[in-house]
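A closer look at the structure
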Amino acid sequence: MKLIDPLKLQALKGRLTRRVLGSRVIAVVVDSATGLYAVDPEDQGVGRRLRRSGEYGREELEQLEPLLRSDSRVLVVGAHVGTLAVPLALRCREVVAIEANPATFRLLQMNVLLNGATRCRPLNMAASDREEPLRFLLNRANSGGSKRVPAARQEMYYYDQPEEITVPAYRLDEQLPGEQFDLVVMDIEGSETFALRGMQRILSGCQALLVEFTPHHLRDVAGVSVRQFVETLQPHFDSLRVPTQGVTVSAKDFLSKLTSMYERNEEDEGLLFTATR
């Protein structure tokens, strides 16, 4: 008996859920530990976690809590449905939430309203190193995995038959002229290096950056090296903490540490870069 690939089984569960609910249902609302969230009923990633446990992003929020003040300004790049942006907006002065996927952005807008997060400003665009129409995949079974069209076609990016669209991409330094942020949070499925290149002014003024590190995203989605990734960060930050390993290294060791992780295929959902300013 042939077993179904786990990723394809996940996609099948999502399609069946949508079929049961009907094609006109664009969201279900979850009462979670950090607020009300409208989520895509087909989503087997963040949406499924929220539906099953009523919680998502607790570890990231706990990691960010010591970095926040009531007057902090936060930039979230890759806000998805707002599970970080919304609770952050309730704790600080302002959050700017960037989301490229237009369907997910619609849910983000709903969640800002559902939670009265008036200090959250959502913007529908992709972050890059230049203004461009960006080819983009709308993943269905895991909408948080939506991404720029990968440099290398891998089954893990296409298992749920994503639709390809074009989204507007911009340099954030130009789209947010004169704006400074104390904290930047970034999770954009492989586009990190391009986004970071386009926000060097913003990075020069922020105190901390929380960013996902995934070797196959660097290699197969972005087609960039660890050195190219590090070059966007080293001028701006003094230290790097790797939460999954419980270690902190100084700027001179950024490249060696991340190269070692890359070679071992070690991921971390939230590398924390900090600066003394």
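Here goes a summary of the coordinates provided. (Residues numbered from 1 in each chain as written. Predicted model: local features only at pLDDT ≥ 70, side-chain atom pairs only at ≥ 80, totals over all residues. Heavy atoms only, no water.)

Let's talk about the nonpolar core
Definition in use: Buried Ala, Val, Leu, Ile, Met, Phe, Trp, Tyr and Cys residues that are joined via side-chain atoms within 4.5 Å together make up what is termed a nonpolar core. Type-normalised accessible area, obtained with a 1.4 Å probe on protein chains alone, sets the label of each residue: buried when under 20%, exposed when over 50%, and partly exposed for intermediate values. Should any heavy atoms of two residues lie within 4.5 Å, those residues are counted as being in contact.
Counting 40 residues, the largest nonpolar core has Leu75, Leu258 and Phe273 as its most contacted members. Once residues lying within four places of it in the same chain are set aside, the contact partners of leucine 258 are Phe213, Val226, Phe229, Val230, Leu240, Leu271 and Phe273.

Remarks on the packing of aromatic side chains
The criterion, for reference: Classification of ring pairs rests on two measures: the distance between centres of Phe, Tyr or Trp rings, Trp counted by its six-membered ring, which must be within 6.5 Å, and the angle between planes, read as stacked under 30 degrees, edge-to-face over 60 and tilted in between. The secondary structure listing takes helices from DSSP runs of H or I that are at least 4 residues long and strands from runs of E that are at least 2 residues long, numbered from the N terminus. Here, a charge over a ring is recorded when the distance from Lys NZ or Arg CZ to the ring centre is within 6 Å and its angle to the ring normal is within 35 degrees.
According to the stated counting rule, one finds three aromatic pairs in the structure shown. Summarising the aromatic geometry, the rings of phenylalanine 213 and phenylalanine 229 are spaced 5.9 Å apart at their centres and angled 50 degrees between planes, so their arrangement reads as tilted. On the criterion of sequence distance, the pair formed by phenylalanine 213 in strand E11 (residues 208–213) and phenylalanine 229 in helix H11 (residues 226–231) is long-range, its members being 16 residues apart. Each member of the pair, phenylalanine 213 together with phenylalanine 229, is buried. With a centroid separation of 5.9 Å and an interplanar angle of 45 degrees, the aromatic rings of phenylalanine 237 and phenylalanine 273 are classed as tilted. Of this pair, phenylalanine 237 sits in the loop between H11 and strand E12 (239–242) while phenylalanine 273 sits in strand E14 (residues 268–274), and the two are 36 residues apart along the sequence. This pair shows no difference in class: phenylalanine 237 is buried, exactly as phenylalanine 273 is. Three or more aromatic residues link up through ring pairs in this structure, and these residues are Phe237, Phe254 and Phe273. The lysine or arginine in question, arginine 153, covers the ring of tyrosine 158, its NZ or CZ lying 3.7 Å from the ring centre.

Here's the deal with the pattern of salt bridges
Applied cut-off: When a carboxyl oxygen of Asp or Glu lies within 4 Å of a side-chain nitrogen of Lys or Arg, that pair is called a salt bridge.
The final tally for this structure, using the stated rule, is 19 salt bridges. Across the pair arginine 58 and glutamate 55 runs a salt bridge whose closest N-O atoms are separated by 3.3 Å. A salt bridge links arginine 58 to glutamate 59; the nearest nitrogen and oxygen atoms lie 3.8 Å apart.

Points about the sheet that holds E12
So the rule is basically this: Note on pairing: two strands pair once DSSP finds at least 2 bridges between them. Between the N-to-C directions of two axes lies an angle of 0 to 180 degrees, each axis being a line fitted to C-alpha atoms and, for a helix, fitted only over the stretch in contact.
Pairing is mixed across the open sheet formed by eight strands, whose spatial order is E5-E4-E3-E10-E11-E14-E12-E13. The outermost strands of the open sheet, each flanked by one partner alone, are strand E5 (120–124) and strand E13 (247–250). Going from strand to strand, the sheet's axes swing by 20 degrees on average, the running direction of each strand aside. The pairing of strand E3 (residues 73–77) with strand E10 (residues 183–186) spans four bridges and is parallel. Across the sheet, residue valine 76 finds its bridge partner in E10, namely valine 185.

Some remarks on the side chain of threonine 104
Looking at the secondary structure, you find threonine 104 in helix H5 (residues 102–114). Sequence-distant contacts of threonine 104, that is, excluding residues within four places in its chain, are made with His80, Val81, Glu99 and Ser143.

Here we look at unusual backbone geometry
Even without a glycine there, the phi angle at glutamine 161 is positive, about 55 degrees. Within the secondary structure, glutamine 161 sits in the loop between helix H6 (155–158) and strand E9 (163–170). Here glutamine 161 falls in the exposed class, since its relative accessible area comes to 58%. Although it is not a glycine, asparagine 265 adopts a positive phi angle of roughly 60 degrees.

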